[in-house]
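Remarks on the overall topology
Take a look at the letters that make up each chain.
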Amino acid sequence: MNAIDYEIGSAGPEDDGEPDQRVLGDMEQIRPLPRISIHAFCETDAVSRVMDRMAEDRRMSKVSLRINGGGIAAAARMFSQIPTPNLIIVETTASPHNLLDELSPLAEVCDPATKVIVIGHHNDINLYRELIRNGISEYLVAPVSMADVLRTVSGIFVDPQAEPLGRSIAFIGAKGGVGSSTIAHNCAFMISHLFDSETVLADLDLPYGTANIDFDQDPAQGIAEAVFTPERLDEVFLDRLLNKCSDKLSLLAAPSLLDRAYDFSGDAFLPLLEILQRTAPVTVLDVPHVWTDWARSVLSSADEVVITAMPDLANLRNTKNLLDALKKLRPHDKAPHLILNQVGMVKRPEIAPADFCEPLEMEAAAIIPLNVQLFGDAANSGRMISEIDGKSPVAETFSQIAHLVTGRATIKKEKKGGLGKVLGMLGRK
Ligand SMILES: Nc1ncnc2c1ncn2[C@@H]1O[C@H](COP(=O)(O)OP(=O)(O)OP(=O)(O)O)[C@@H](O)[C@H]1O
Ligand SMILES: [Mg+2]
C-alpha cells in the first residue's frame with residue numbers, strides 16, 4: 001500500500017465534514033477496531049477535525065483515542081513522562097529535509113511495540129520510503145479524510161495479514177496456594193494502569209477462581225460461556241462476557257461454582273485465546289495448578305509464562321519439572337519467568353532464593369516477601385496491592401513484573417545516540 005497514492009485518489013481536497021457517498025461505501029468494508037489506545041497530535045485544524053470525526057465513528061467504539069494539539073515535539077514531551085500507547089498519529093508540517101531529525105526525540109521515548117503514523121504536508125516518495133524504512137507504519141499526505149486515516153489504522157491492526165495485536169501472559173503456580181492468582185491479578189491491574197493498555201484478565205480456574213472476589217465483582221459466568229459455546233464466540237459475544245474492573249481492565253470471570261464438572265478437551269481454550277489475541281493488546285491468563293491437556297495447550301500457546309513458587313523442596317521439584325516440560329512444549333520460546341513468593345516466613349525452614357535458583361540455572365524475576373497483613377487486607381477488601389498501598393515495595397515489584405512480561409525493560413527511557421539507531425527503536429512494524 002502506498003500512502004502517497006491515497007492523496008491522488010482520496011476523498012477530496014479537505015475533509016469538510018460532508019459525507020461523500022463513495023467514501024461511505026468504501027468505509028463499510030472497514031471492520032471495527034480492537035481495544036487499542038491511540039494518541040493523535042495535530043498541528044492544523046483540518047487534521048484535528050478529521051480526528052474529532054473519527055472519534056465518533058462506530059468502528060472506534062472500543063478504541064481509546066486522545067487528541068492533542070501540537071506536533072512531534074508535543075508528542076515527544078508527553079511521552080518522556082508517560083508510556084506510549086499502541087498507536088501514535090502525528091501530524092507534521094516539517095519539510096522532508098528536516099522530518100527525520102524532528103522525529104528523533106519521539107523515537108527516543110517510543111516503546112518498540114508502539115506503531116506510528118505520520119501525516120505530513122509533502123508528497124515526496126523518497127521521504128515516504130525513508131520513513132517506512134525507519135519503522136514508521138504509514139505516511140499519509142495532508143489533506144487526509146477520515147476514511148484515509150481509519151483505513152490506515154485498520155490496515156495495521158485488523159488486516160488478516162497484520163501481525164497479531166495481543167500478547168498473552170500465562171501465570172501458573174508450582175504448587176497449589178502459592179499465590180499465582182494473586183500475582184496474576186495484580187500484574188494485570190498494573191499493566192492496564194501503567195501502560196494505558198487495554199488488558200483482559202481471564203480466570204481459567206473455573207470451579208474455584210478468585211478473580212471475581214479479588215476485584216469485588218459479581219459478574220456472569222464469562223469464561224464458562226466462552227469455552228462451552230465456542231460456536232457463538234465472536235467479538236460481539238466476547239464483549240458481553242467481559243466485566244469491566246477499571247478503566248482499562250476487563251475480567252473474563254470464572255463461575256466459581258461446583259454445579260457441574262469441568263472437563264475440557266485439549267484445545268477447548270484455543271478459540272478463546274485466538275479471539276482475545278485479536279481484540280485486546282494484553283491478555284493475562286490465570287491458569288490453575290493442574291497438568292491437563294488443555295492446561296498444557298494454553299501454556300504452549302501463551303507468549304510468556306510466569307511460574308510462581310514458594311521456597312520449599314516440593315516447589316523446587318515441581319518448578320524444575322515444569323521448566324523441563326515447558327522447554328519441550330515451547331522449544332523456540334523464551335524460558336518462563338520465575339517468581340518466588342511468600343518468602344521469609346518466621347520460623348519456617350526455607351530454601352534460600354539463591355539455592356532455589358541454582359539447580360534451575362536461572363534467576364528469579366522477583367522475590368516477594370510474605371506479608372500477611374498487606375495481602376490479607378487486599379484479598380478481603382476486593383482491591384489490588386497498589387490500591388491499598390501504592391508506595392509499598394510489593395507494588396513496585398508488581399510494576400517491575402508488569403514491565404518485564406510486556407517487554408518493557410525499564411520505566412526510565414534510555415537515551416540512545418545516532419539517528420539511525422534512534423529511529424530503529426520505533427521498530428519495523
Ligand atoms: N506474598 C504473600 N504474602 C502473604 N499472603 C500471600 C502472598 N501471596 C499470596 N498470598 C495469599 O495466599 C493465598 C493464596 O493465593 P492465591 O489464591 O493467589 O494462590 P494460587 O497459587 O492461585 O492458589 P490456587 O492453587 O488455589 O489457585 C491468598 O489468600 C493470598 O492473599
Ligand atoms: Mg489460583
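Residues numbered from 1 in each chain as written. Chains lettered and ligands numbered in written order. Predicted model: local features only at pLDDT ≥ 70, side-chain atom pairs only at ≥ 80, totals over all residues.

Let's shift gears to the overall build of the protein chain. Helix and strand counts for the protein chain come out as 19 helices and 13 strands. Every one of the 429 residues in the protein chain was classed for burial, and the buried ones make up 44%. By sequence separation, contacts in the protein chain at least 24 residues apart represent 78% of the contacts at least 6 residues apart. (Helix = DSSP H or I, 4+ residues; strand = E, 2+ residues; numbered from the N terminus. Buried ≥ 20, exposed ≤ 12 C-beta atoms within 10 Å, placed from the backbone. Contact = placed C-beta atoms within 7 Å.)

The subject of this paragraph is the pairing of strand β11 (residues 304–309). Within a regular strand, side chains alternate between the sheet's two faces. Across the six residues of β11, five count as buried, placing the element largely inside the fold. In terms of strand pairing, strand β6 (residues 167–173) meets β11 through five bridges, oriented parallel. The residue of β11 that forms the bridge with I169 is E304. In the sheet, β11 pairs with strand β12 (residues 337–343) via four bridges, with the strands oriented parallel. Among the inter-strand pairings, V306 is bridged to a residue of β12, identified as H337. Handedness of the β11-helix α14 (residues 313–329)-β12 crossover: right-handed. (Pairing = 2+ DSSP bridges. Right-handed = clockwise from strand over helix to strand, strands pointing away.)

With that settled, consider the site of ligand 1. G176, G179, S181, T182 and F375 are the nearest of the 20 residues found near ligand 1. Those elements giving two or more residues to the shell around ligand 1 turn out to be α8 (180–194), β12 and α16 (372–381). Of the residues in the shell around ligand 1, the class split is seven nonpolar, twelve polar and one charged. (Near = placed C-beta within 6 Å. Nonpolar A, V, L, I, M, F, W, Y, C, P; charged D, E, K, R; others polar.)

Right, let's get into the environment of A74. Topologically, A74 is positioned in helix α4 (residues 72–79). Note on A74: 17 C-beta atoms within 10 Å, which makes it partly exposed. Once the C-alpha coordinates of A74 and F41 are considered, the two residues, 33 residues apart in sequence, prove to be 7.4 Å apart.

Of all the bends in helix α5 (residues 96–109), the greatest reaches close to 30° and is centred on L103; the proline P105 follows between one and four positions later. Within α5, burial applies to L99, L103, L106, A107, E108 and V109. (Bend = angle between axes of the 7 residues up to and from the residue.)

Next up on the list: the nonpolar core. Core analysis: the largest hydrophobic core is formed by 68 residues, its most contacted members being A170, F171, C187, L252 and L285. Counting residues per element, this core draws most heavily on α8, which supplies seven residues. Ranked by size, the runner-up nonpolar core spans 47 residues in total, among them L65, I136, I156 and F157. (Core = buried A, V, L, I, M, F, W, Y, C linked by C-beta atoms within 7 Å.)

What follows concerns the pairing of strand β1 (residues 37–42). Burial of β1 is extensive: six of the six residues sit out of reach of the surface. Sheet topology note: the β1/strand β2 (residues 64–69) ladder contains six bridges and is parallel. Residue pairing across strands places F41 opposite N68, the latter belonging to β2. Taken together, β1, helix α3 (residues 45–56) and β2 form a β-α-β motif whose crossover is right-handed.

Helix α18 (residues 393–405) packs onto α8 with a crossing angle of 75° between their chain directions and a minimal axis gap of 9 Å. Taken together, α8 and α18 sit at an angle that is classed as roughly perpendicular. Of the residues in α18, those in contact with N186, C187, M190, I191 and L194 of α8 are F398, S399, I401, A402 and V405. By residue class, the composition of the contact of α8 with α18 is eight nonpolar, two polar and no charged. (Axes fitted to C-alpha atoms, helices over the stretch in contact; angles between N-to-C directions. Parallel < 35°, antiparallel > 145°, perpendicular 65-115°, else oblique.)

Reading across the sheet, the five strands line up as β2-β1-β3-β4-β5 and stay open at both edges, with parallel pairing between neighbours. The open sheet has two edge strands, β2 and β5 (138–141), and neither has a second partner. Direction aside, neighbouring strands of the sheet carry axes that sit 15° apart on average. Seen against the sheet, α4 touches β1, β2 and β3 (87–91) and runs at an angle of roughly 145° to β3.

Turning our eyes to something else, we now look at the confidence of the model for the protein chain. Interpreting fine coordinate detail is not advised for predicted regions of low pLDDT. Confidence along the protein chain averages 88 in pLDDT terms, with 88% of residues attaining 70 or more. Overall, residues 1–17 carries pLDDT values under 50, and its contacts beyond four positions in sequence, including any with other chains, amount to 34 contacts. Considering only residues more than four positions removed or in separate chains, one finds that residues 411–429, a stretch of pLDDT under 50, has 38 contacts. (pLDDT = per-residue confidence, 0-100.)

This part covers the sheet that holds strand β13 (residues 366–369). Strand order in the open sheet formed by eight strands is β8-β9-β7-β10-β6-β11-β12-β13, and the pairing between neighbours is mixed. Single-partner strands in this sheet number two, and they are β8 (243–246) and β13. On average, each strand axis in the sheet is tilted by 25° relative to the strand beside it, whichever way the strands run. Sheet contacts for helix α12 (residues 270–279): β6, β7 (199–203) and β10 (282–286); angle to β6, the most-contacted strand, approximately 135°.

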